[in-house]
Structure formats: structure tokens, C-alpha cells
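Here are the chains, one letter per residue:
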Amino acid sequence: MTSKSIKPVKHKPKPKRAPGFSTRAIHAGYRPEPVTGSVIPPLYLTSTFEMESLGKYRDGYDYSRSKHPNRVMLERTVASLEGGRYASAYASGVAAVAAVMGLLKPGDHVIASESIYGGTYRLFERILRGRGLDLAYADVSRPENIERAATPRTRMVYVESPTNPLLRLVDLRAVSKVCRKHRWLHAVDNTFMTPVSQRPLSLGVSIVIHSTTKFLNGHSDSLGGVVVTSSKRLADWLHFLQKSTGAVLSPFDCWLVLRSLKTLVPRMAAHERNARRLAKFLDGHRKVKRVIYPGLASHPQHSLAKRQAGGFGAIITFDLGSKQRAARFLNSLKLCILAESLGGVETLVSQPATMSHAFVPTAEKKRLGITEGLVRISVGLEDVEDLEEDLQQALAKL
Ligand code: PLP
């Protein structure tokens, strides 16, 4: 055997493992600050940035509305968690929804899922319809309804999954298949699930929206929104809209949400642990007419929930049968807090018909099943025994 015939063994380079979800929640947005080594990023309270010389900006930082270091850190982190390439952060969840709708032109047609958040419905009906956007609502839990609702001007399908407050699910993969076929945008409000449990971009969705006010920030002390996409074309237009319309998230809010994202994984696990236990408790209670929670086998889309998401979330809706009974129950709670919003460490309860969905016309609420006997509970991180005791004593008053 000559030395020529000896072939060196080729060592395949080990494929580089991408950092895991929890690691990215903590580290994806930034490294310790290089001058002092500060582990926590500074809060850059500045509206503007010194130019290096005329016409030369440092890394594109010219004015805080266009680009801001705290916002960049947050946007990078949320993009990474959703598995997207780009993100843009806004002053509220509704501002994020408005930015996404800013991708459309007058005359464009949008198919939205029924029973969406009341504030989104108000934006669609009171602002965007008047500006020439053609909006239709369909039960998109059946993907065949989408093509039925389409027109030659359809440009976007907009969904929440689960919906607020009825917790109906949408088969995101099936809907995105229809959207791809027709080259429509597919936007999903992922506020209820968070990327811990559901990553719509991985199911073929083109745009993901969050109200960071809810679980992403999780401490009920900041209002914000974010949009994630992997399309450079959409991201560039969203960034242009962000700086041109100006509803950007403030540096302090960016700092707060970034801080909160570090504990998103353990928080969501604990939220859901408590929610599963309370859903079972409510389901077995004789004073409760019906419990809607995707984690219960009785939920009509329980198998889709298991297939599509890595969890069931921490929002439970239940029916007490009448306005009077709902009011009595809500007014009797001692620990759970009667308030708008959801996703905080404290358990918040609400009556969607008169609170988050007050704007939706009565007939429409009736058609959808958003009755005044419905109560929505955003399960917090208190000891679950204390929560159960509180619900028990309030139910005992009925
Ligand atoms: N999307 C969903 C599902 C919501 O529940 C809400 C608010 O409750 C929003 C969007 C709007 O977010 P914000 O209140 O941050 O504007």
C-alpha cells in the first residue's frame, strides 16, 4: 500500500447546536455592557444620538423614534423567541395591530376570525373600515370558511388563537396553507399563548402580533406591543411605519419587558399549572354551567390544542348563567382582582361582555355567545389553594 492510497479520515464538523429557548429568553438581546461590564443593560434615556461626523451615524442610531438601543434589545429577543428574523415594538398591543393593518391599502379585503379582542374589533370597525379597508368576519376554525369569505381583493387573514374570550382555536397550519396558496398575508395575535407554547411562524404564518402588556411583560406594569416576521419586505415596511407614525415603545417599557422575558418560561409553566388545576375545579363545580379551557377534554378542539401548541395557556372562561350571578360572584372575590387585562402574576377576573368586549354590538355578542354570564379568569402565580378557596367562597354566594 502506498502512502498515496491512505486517505485521511474526514471528521465531520459537529453541527452547531442553536441555543435553547430559555437561554435565548435571557441572552438573545444583548451581552453585558462593554464599558463597565454591567450585566443588566443600561436604560438609555436619550431622544437623540451624537453623529460621528456629518452624515455618519453610529450603527444607524440617529433619533430614538427610528432606532433605540433598549428597543433593539427587546425586538431581537422577541424575534428570536418567536423564531422570526425581525421584530418591531409599539406603544401598545393595539398600536402593533394598527401597524400590521398599515401594511394594507384602502380597498383591500381582510378576513378576521370571529370573537377577537374587543379593542381590535373597535379599531377594525370604527377606524379602519372608515378608511376604506373592507373587513369580513368568519368562523376560521373551519378553514373552508376562509375561501368562502374571500373576494378578489382579499389580502390578509387575521386571527387570534385561542380567541378572546371564547377560547376557540384556529388550525394555524391549515389556515396558513390556504393563505400561501392565494399569496395572502396571515397575521396571528399570539398574546394568549406566548412563544413558550405556540410559535405560529413555524406553522407557516407570516406575521405574529403580541400585546406585551400581557404575559410577555407579565407584571401588569407596562403597556406595549410587538410584531414579528421573517420577511424582510414586511419588516422594512413595518419599520418605516414605526418611525413615520411614531407609536414606538418607550425605552423604560422596553427595559421592563426585556427584564420580564428572562422569566417567561418558568412563569408560563407556573401559570399553566395553576390554570389546569382551577379549570378542573370549576369544571366539577355544580354552580358553574360550563367551563371553556383548551386543556379540558371537553373543549371541542382539545386535540387540536394538543397537536398545535406546547401548552394550553392560563386563561379560563366559564359561564355562571346570568348577569346577576356573574356580578355576585365577581363582587364576592377577595383575592382575585376584578380588572381589565390578563397575563399578570396576580389573578385577574373580568366579565368580557361589559369590559373587554363592551364595544362589540349586543346582537353580535349574542350571536357569538359572549353572554353576560361569562367570566374570564387570567390565572396568576399565587398559591393555587388560595385561589381555589377564593373561587369556592365566591361561588358559595350564588
Ligand atoms: N390582543 C389581545 C388578544 C388582547 O387581549 C389585547 C388586550 O387585552 C390586545 C391585543 C391589545 O393590547 P393592548 O391593551 O396592549 O393595547
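Notes on the structure follow.

Basis of the calculations
- Residues numbered from 1 in each chain as written.
- Predicted model: local features only at pLDDT ≥ 70, side-chain atom pairs only at ≥ 80, totals over all residues.
- Heavy atoms only, no water.
- Near = heavy atom within 4 Å.
- Polar contact = N/O pair within 3.5 Å; in protein donor to acceptor, adjacent residues only side chain to side chain.
- Helix = DSSP H or I, 4+ residues; strand = E, 2+ residues; numbered from the N terminus.
- Buried < 20%, exposed > 50% of the residue type's maximum accessible area, 1.4 Å probe, protein only.
- Pairing = 2+ DSSP bridges.
- Axes fitted to C-alpha atoms, helices over the stretch in contact; angles between N-to-C directions.
- Contact = heavy atoms within 4.5 Å.
- Left-handed = near helix turned anticlockwise from the far one by under 90°.
- Nonpolar A, V, L, I, M, F, W, Y, C, P; charged D, E, K, R; others polar.
- 1 Å grid on protein atoms, 1.4 Å probe; cavity = no way out; pocket = protein on both sides within 12 Å on 5 of 7 lines; lining within 4 Å.
- Points joined across faces, edges and corners; volume = space filled by probe spheres on them.
- Salt bridge = Lys/Arg side-chain N within 4 Å of Asp/Glu carboxyl O.

1. Structural notes on the site of the ligand
Next, step 1: Taken together, the neighbourhood of the ligand is formed by 13 residues, with Gly 93, Val 94, Asp 189, Ser 211 and Thr 213 sitting nearest.
Next, step 2: Contacts to the ligand include Asp 189, whose side-chain N or O atom sits 2.6 Å from a nitrogen atom.
Next, step 3: Between Lys 214 and the ligand, the recorded distance is 3.0 Å, taken from a side-chain N or O atom to an oxygen atom.

2. Here we look at the environment of Arg 183
Next, step 1: Its place among the elements puts Arg 183 in the loop between α6 (172–182) and β5 (185–189).
Next, step 2: Judged by relative accessible area, which is 77%, Arg 183 ranks as exposed.
Next, step 3: C-alpha separation for the pair Arg 183 and Gly 380, spaced 197 residues apart in sequence, amounts to 40 Å.

3. Observations regarding the sheet that holds strand β3 (residues 134–138)
Sheet strands associate in pairs through backbone hydrogen bonding, adopting either a parallel or an antiparallel arrangement.
Next, step 1: The strand order across the open sheet built from seven strands is β1-β7-β6-β5-β4-β2-β3, with neighbouring strands paired in mixed fashion. With one partner strand each, in any of the chains shown, β1 (86–90) and β3 form the two edges of the open sheet. Across this sheet, the average inter-strand angle for adjacent strands is 20°, counted without regard to direction.
Next, step 2: Relative to strand β7 (residues 225–229), β1 is paired through five bridges, and the arrangement is antiparallel. Residue Ser 88 lies in a different strand from β7, and its bridge partner there is Val 227.
Next, step 3: The strands that helix α2 (residues 69–82) touches are β1, β6 (207–211) and β7; relative to β1, the one it contacts most, it runs at about 125°.

4. A word on the packing of α2 against helix α9 (residues 251–261)
Next, step 1: Where α2 meets α9, the axes come as close as 8 Å, and the angle between the chain directions of the two elements is 35°. Classified by chirality, the crossing of α9 by α2 is left-handed. Where α2 approaches α9, its residues Asn 70, Arg 71, Met 73, Leu 74, Thr 77, Val 78 and Leu 81 are matched on the opposing element by Pro 251, Cys 254, Trp 255, Val 257, Leu 258 and Leu 261.
Next, step 2: Each residue belonging to the contact of α2 with α9 can be placed in one class, and the counts come to 10 nonpolar, two polar and one charged.

5. Overview of the layout of surface pockets
Next, step 1: Volume-wise, the largest pocket comes out at about 470 Å³.
Next, step 2: In terms of lining residues, the largest pocket is bounded by 22 residues, among which Trp 184, Leu 185, Ser 206, Arg 233 and Leu 234 are the most central.
Next, step 3: Listed by contribution, the elements that provide at least two residues to the lining of the largest pocket are α6, β5 and α8 (232–245).
Next, step 4: Counted by class, the lining of the largest pocket contains nine nonpolar, seven polar and six charged residues.

6. Examining the pattern of salt bridges
Next, step 1: Tallied over the full model, the rule gives 17 salt bridges.
Next, step 2: Between Glu 50 and Arg 58 there is a salt bridge whose closest N-O contact spans 3.4 Å.
Next, step 3: Its relative accessible area of 61% is what places Glu 50 among the exposed residues.
Next, step 4: With its nearest N and O atoms 2.9 Å apart, the salt bridge here joins Arg 129 to Glu 125.

7. Re the pairing of strand β9 (residues 315–319)
Each regular strand carries side chains that alternate between the two faces of the sheet.
Next, step 1: A large share of β9 lies buried, amounting to five of its five residues.
Next, step 2: Side chains Ile 315, Thr 317 and Asp 319 of β9 all project onto a buried face; the interleaved residues Ile 316 and Phe 318 project onto the opposite face, where all are buried too.
Next, step 3: In this sheet, β9 lies alongside strand β8 (residues 290–292) in antiparallel orientation, the contact comprising three bridges. Residue pairing across strands places Ile 292 opposite Thr 317, the latter belonging to β9.
Next, step 4: Two elements, β9 and strand β12 (residues 374–378), share five bridges in a ladder whose sense is antiparallel. Bridged to Ile 316 within β12 is Ile 377.

Everything listed is a geometric property; what it means functionally is a separate question.
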